[in-house]
Amino acid sequence: MSHYYQYVFSINRLHLAAHLGCYAKERSRAQQVEASVRFYFPKVPDCALNDDGAFIDYDTVSNDLHKIVAKEEFRLIEYMTMQLFKHVRKIVNKQAGKDVKIWIKLTKLAPPVPHLQGGASFVYSDLPADARVIDAD
């Protein structure tokens, strides 16, 4: 049985100043990380049917991610992604419910690696393996 997610809400290219890197010297200064988050709904969300309907407050998500990144250091982008995912999941559970699935991508925009163009990224999602989705791009 496939799970269908035809309604997608996205937060695109949120810039975060993160203390991120394997080595203390690299973590000593903030680096630009770009976060994109998608929310996949298995049925039409209330906010699409009613202008006063329940919705995911992306200002809250954005501000909370900024606060977390401002107060913590991370060695690995993979670990950072998982920590931010867990926080977003808590917000979504309160605002929209557990049936809404989350996809998150973090990109370290300018890692100190010679000749690397386009940065380095990690993606995590709690979509079921058999999910059929409409691409948000």
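Data block above holds the structure.
The structure displayed is predicted, hence computed values, not measured ones.

What counts as what
Residues numbered from 1 in each chain as written. Predicted model: local features only at pLDDT ≥ 70, side-chain atom pairs only at ≥ 80, totals over all residues. Heavy atoms only, no water. 1 Å grid on protein atoms, 1.4 Å probe; cavity = no way out; pocket = protein on both sides within 12 Å on 5 of 7 lines; lining within 4 Å. Points joined across faces, edges and corners; volume = space filled by probe spheres on them. Nonpolar A, V, L, I, M, F, W, Y, C, P; charged D, E, K, R; others polar. Salt bridge = Lys/Arg side-chain N within 4 Å of Asp/Glu carboxyl O. Helix = DSSP H or I, 4+ residues; strand = E, 2+ residues; numbered from the N terminus. Buried < 20%, exposed > 50% of the residue type's maximum accessible area, 1.4 Å probe, protein only. Pairing = 2+ DSSP bridges. Contact = heavy atoms within 4.5 Å. Axes fitted to C-alpha atoms, helices over the stretch in contact; angles between N-to-C directions. Phe/Tyr/Trp six-rings, centres within 6.5 Å; stacked < 30°, edge-to-face > 60°. Lys NZ or Arg CZ within 6 Å of the ring centre and 35° of its normal.

### Some points on the layout of surface pockets
Then, number 1: Here the largest pocket is characterised by a volume of approximately 250 Å³.
Then, number 2: Lining the largest pocket are 16 residues; nearest its centre among them are Phe41, Pro45, Asp46, Ala54 and Ala96.
Then, number 3: Of the residues contributing to the lining of the largest pocket, the split by class is 12 nonpolar, one polar and three charged.
Then, number 4: Of the volumes computed, that of the second largest pocket is approximately 170 Å³.
Then, number 5: Class assignment for the residues of the lining of the second largest pocket results in nine nonpolar, one polar and four charged.

### A word on the pattern of salt bridges
Then, number 1: Under the counting rule described, the total for this entry stands at four salt bridges.
Then, number 2: A salt bridge links Glu26 to Lys108, with the nearest nitrogen and oxygen atoms 2.3 Å apart. Separated by 82 residues along the polypeptide, Glu26 in helix α1 (residues 24-27) and Lys108 in strand β5 (residues 101-108) bring together distant segments of the chain.
Then, number 3: Residue Lys108 is classed as buried on the basis of its relative accessible area, which comes to 9%.
Then, number 4: Between Arg27 and Glu73 there is a salt bridge whose closest N-O contact spans 3.3 Å. Of the two residues, Arg27 is situated in helix α1 and Glu73 in strand β4 (residues 73-74); the sequence distance between them amounts to 46 residues.

### What about the sheet that holds β5?
Then, number 1: Strand order in this open sheet of five strands is β4-β2-β3-β5-β6, and the pairing throughout is mixed. Strands with a single pairing partner mark the edges of an open sheet, and in this sheet they are β4 and β6 (120-125).
Then, number 2: With 10 bridges joining them, strand β2 (residues 7-20) and strand β3 (residues 31-41) adopt antiparallel strand pairing. Across the sheet, residue Leu14 finds its bridge partner in β3, namely Ala35.
Then, number 3: Its contacts with the sheet put helix α4 (residues 77-95) on β2, β3, β4, β5 and β6, and the angle it makes with β5 is roughly 145 degrees.

### With respect to the packing of aromatic side chains
Think of a pair of aromatic rings as described by two things: how far the centres are apart, and how the planes are tilted against each other in angle.
Then, number 1: Using the criterion set out here, one finds four aromatic pairs in the structure.
Then, number 2: Ring centres of Phe74 and Tyr79 lie 6.4 Å apart, and the angle between their planes is 50 degrees; this geometry places the pair in the tilted category.
Then, number 3: Accessibility expressed as a relative area gives 46% for Tyr79, which makes it partly exposed.
Then, number 4: Ring centres 4.7 Å apart and planes at 90 degrees place the aromatic pair Phe85 and Tyr124 in the edge-to-face group. With Phe85 in helix α4 and Tyr124 in strand β6, the pair connects residues that are 39 residues apart, well separated along the chain.
Then, number 5: Within the aromatic cluster, the residues linked to one another by ring pairs are Phe9, Phe39 and Tyr58.
Then, number 6: Positioned above the aromatic ring of Trp103, the side-chain terminus of Arg38 is 3.8 Å from the ring centre.

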